[in-house]
Amino acid sequence: MGDVLAGIHATWELESDALVIRFDRGIRTPKLFSALRERRVPHEALASVTLTPGKRGTVVLHAVPRPGADPLMEAAAGQLKEGSDPYRLVLPAERETFAEQYRDELRALLASRPGAAGASGYGADGADDGSSGGFAPAERFLVAPPPGPQSFKAYDGRASFDGTSEVAFRWSWTGASSEKWKAGDQVFPVRDLCGVEWRSPDGVDGYLRLVPRGGGSRDFQPDEDPACVVFGRYGPVYESLTFAAAVLAAVRGRDRAPVPAGVRGAERRDPGAVAERIRHLGELHRAGLVTDAEFSAKKAELLAEL
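## Some details on the confidence of the model for the protein
Detailed reading of the predicted model is not advised wherever pLDDT is low.
Piece 1. Summarising the model, the protein shows a mean pLDDT of 85, and 81% of its residues fall at 70 or more.
Piece 2. Between residues 255-267, whose pLDDT stays under 50, and residues either more than four places distant or in other chains, the model counts 6 contacts.

Take a look at the structure:
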């Protein structure tokens with residue numbers, strides 16, 4: 001175990017091969033931090049570390065991750081507010097000397113690892129520039145994703161992920177569009193996905209969209225796309241972002257080799273789940289939201305999955 005530095009809402013511990021970040025769970029702690037609890041960040045996942053003045057008598061240590069190293073930051077795609085960035089450690093200004101020592105020790109560890117790009121992330125005069133330049137994107141995720149299974153409530157439905165192989169969207173009577181009701185509740189095998197798009201619910205147009213392999217159509221508006229849940233006033237950042245990161249890690253980590261035809265043909269849906277979707281479809285039909293032809297075609301499609 002190595003040096004420990006306690007800041008506001010989090011504590012950093014420096015080990016020989018990783019930076020361990022433990023988050024507080026107090027009432028004033030950002031909810032994303034409380035949800036994450038602890039993260040172990042291998043040194044190879046970091047590009048640099050900076051120290052800058054903060055707000056209202058504080059200083060900020062910032063461990064800058066390499067592009068592609070952390071599924072959480074990849075899913076966030078730069079949308080996190082500063083106060084919710086899990087790689088920022090805020091300390092009182094009187095602890096600046098300790099923070100400088102910690103920064104220098106971590107810099108030395110980063111520079112000593114194989115393939116390190118020397119002083120990347122620092123200006124020619126040694127000052128922090130906050131960049132991750134000089135480091136190629138990681139070929140795989142190096143930081144563990146938030147654990148599954150997970151679920152969260154969006155404006156137009158509930159999203160759930162079993163943690164390994166399947167994502168499901170179940171639509172809400174009060175929020176889902178008629179297009180989504182006609183499509184029915186959705187189940188997405190991870191093997192059929194190539195990515196996840198997350199737009200923060202802090203904005204007016206927040207959504208989570210699953211991106212199919214093979215470049216399926218993405219011309220739908222989020223509220224009409226059955227591969228997308230929209231947030232509205234639901235889907236807080238700490239629930240929807242950890243969900244997106246977990247799914248993205250499963251997608252990237254899955255073997256993309258083609259499934260043999262015999263194995264693919266042997267994979268079937270749970271009969272109970274199919275029966276529930278047919279029952280749901282029947283309710284839409286009786287309510288006049290689905291035509292006779294749509295009902296017959298969709299029912300035949302569902303029965304073919306058995």
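## Digging into the pattern of salt bridges
Piece 1. Throughout the structure, instances matching the rule amount to 12 salt bridges.
Piece 2. One salt bridge connects Glu15 with Arg40, and the closest N-O pair in it is separated by 3.2 Å. Of this pair, Glu15 sits in the loop between strand S2 (10-14) and strand S3 (18-23) while Arg40 sits in strand S4 (residues 38-42), and the two are 25 residues apart along the sequence.
Piece 3. On the basis of relative accessible area, Glu15 is assigned to the buried category, the value being 16%.
Piece 4. Of the charged contacts, one joins Arg39 and Asp70 as a salt bridge, the two residues approaching to 2.5 Å between their closest N and O atoms. Here Arg39, found in strand S4, pairs with Asp70, found in the loop between strand S6 (58-65) and helix H2 (71-76); they are 31 residues apart in sequence, far enough to count as distant. Each member of the pair Arg39 and Asp70 is classed as buried.
Piece 5. Look at the salt bridges and you will find they share partners, linking Glu13, Arg22 and Glu38 into a network.

## Focus: the side chain of Ser240
Piece 1. Positionally, Ser240 belongs in helix H5 (residues 237-253).
Piece 2. Residue classification places Ser240 among the buried positions, given a relative accessible area of 0%.
Piece 3. A distance of 3.0 Å separates a polar atom in the side chain of Ser240 from a polar atom in the side chain of Trp198.
Piece 4. If sequence neighbours within four positions are ignored, Ser240 has contacts with Phe152, Trp198, Pro201, Leu208, Phe231 and Gly235.

Conventions adopted
Residues numbered from 1 in each chain as written. Predicted model: local features only at pLDDT ≥ 70, side-chain atom pairs only at ≥ 80, totals over all residues. Heavy atoms only, no water. pLDDT = per-residue confidence, 0-100. Contact = heavy atoms within 4.5 Å. Salt bridge = Lys/Arg side-chain N within 4 Å of Asp/Glu carboxyl O. Helix = DSSP H or I, 4+ residues; strand = E, 2+ residues; numbered from the N terminus. Buried < 20%, exposed > 50% of the residue type's maximum accessible area, 1.4 Å probe, protein only. Polar contact = N/O pair within 3.5 Å; in protein donor to acceptor, adjacent residues only side chain to side chain.

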